[in-house]
Amino acid sequence: MSHKLQNKIDYLVVCVNEFAEKYIMNYQDAFNYLQKFKALKFLDENYEIEHTLGIEDTIIDITLIARNNGGNIG
């Protein structure tokens, strides 16, 4: 596995954990929610920009992406 891919995976894990903590969810539920409402896809596709932001900004972004795709958290 490349170093860049490992960094992206680590980043996605941190984002899911932080999202779960913010919205008082377990990790699996947070992962499923973010996957269902396309926030993980957004993070994957926009990793180069998103990982330069603070984690709070990223959580706001994925919350909005999920909401725009039918989610109801946040």
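None of the values given here were measured: they were computed from a predicted structure.

Reading the values: rules and limits
- Residues numbered from 1 in each chain as written.
- Predicted model: local features only at pLDDT ≥ 70, side-chain atom pairs only at ≥ 80, totals over all residues.
- Heavy atoms only, no water.
- Helix = DSSP H or I, 4+ residues; strand = E, 2+ residues; numbered from the N terminus.
- Rg over C-alpha atoms; globule rule 2.2 N^0.38 Å.
- Buried < 20%, exposed > 50% of the residue type's maximum accessible area, 1.4 Å probe, protein only.
- Contact = heavy atoms within 4.5 Å.
- Areas by Shrake-Rupley, 256 points an atom, 1.4 Å probe, with all protein chains shown as cover.
- Lys, Arg positive; Asp, Glu negative; His and termini not counted.
- Charge placed at Lys NZ, Arg CZ, Asp CG, Glu CD.
- Core = buried A, V, L, I, M, F, W, Y, C linked by side-chain atoms within 4.5 Å.
- Expected span 1.5 Å × (residues − 1).
- Polar contact = N/O pair within 3.5 Å; in protein donor to acceptor, adjacent residues only side chain to side chain.

A closer look at the overall build of the chain
Of regular secondary structure, the chain possesses 5 helices and 0 strands. Each helix (α) and strand (β) of the chain, taken in turn from the N terminus, gives the series α-α-α-α-α. In terms of C-alpha radius of gyration, the chain reaches 11 Å, essentially the compact-globule figure of 11 Å for 74 residues. The dimensions of the chain, computed from C-alpha atoms along their principal axes, are 35 × 20 × 20 Å. Within the chain, buried positions represent 32% of all 74 residues. Here the contacts in the chain between residues at least 6 apart in sequence split such that 58% fall between residues at least 24 apart. Roughly 4700 Å² of accessible area belongs to the chain as shown, and the carbon and sulfur atoms make up 54% of that amount. One way to put it: in the chain the 7 positive side-chain charges average out to a point 9 Å from where the 11 negative ones average out.

Here we look at the nonpolar core
Within the largest apolar cluster, 19 residues are counted, with the highest numbers of intra-cluster contacts made by Phe19, Tyr33, Leu34, Leu43 and Ile62. Elements represented by at least two residues in this core include exactly helix H1 (3-22), helix H2 (27-36), helix H3 (39-45) and helix H5 (55-68). Here this core gets 6 residues from one element, more than from any other, and that element is H1. Residues contacting Leu34, with those up to four places away along its chain left out, are Val16, Phe19, Ala39, Leu40 and Ile62.

Quick word on H1
Its 20 residues place the ends of H1 28 Å apart at the C-alpha level, agreeing with the 28 Å of an ideal helix rising 1.5 Å per residue. Those residues of H1 that fall on the buried side of the exposure criterion are Lys8, Tyr11, Leu12, Cys15, Val16, Phe19 and Ala20.

A look at the side chain of Lys8
If you trace the backbone, Lys8 turns up in helix H1. There is a polar contact of 2.8 Å between the side chain of Lys8 and the side chain of Asp44. Those residues within four positions of Lys8 in sequence are excluded, and the remaining contacts are Asp44 and Tyr47.

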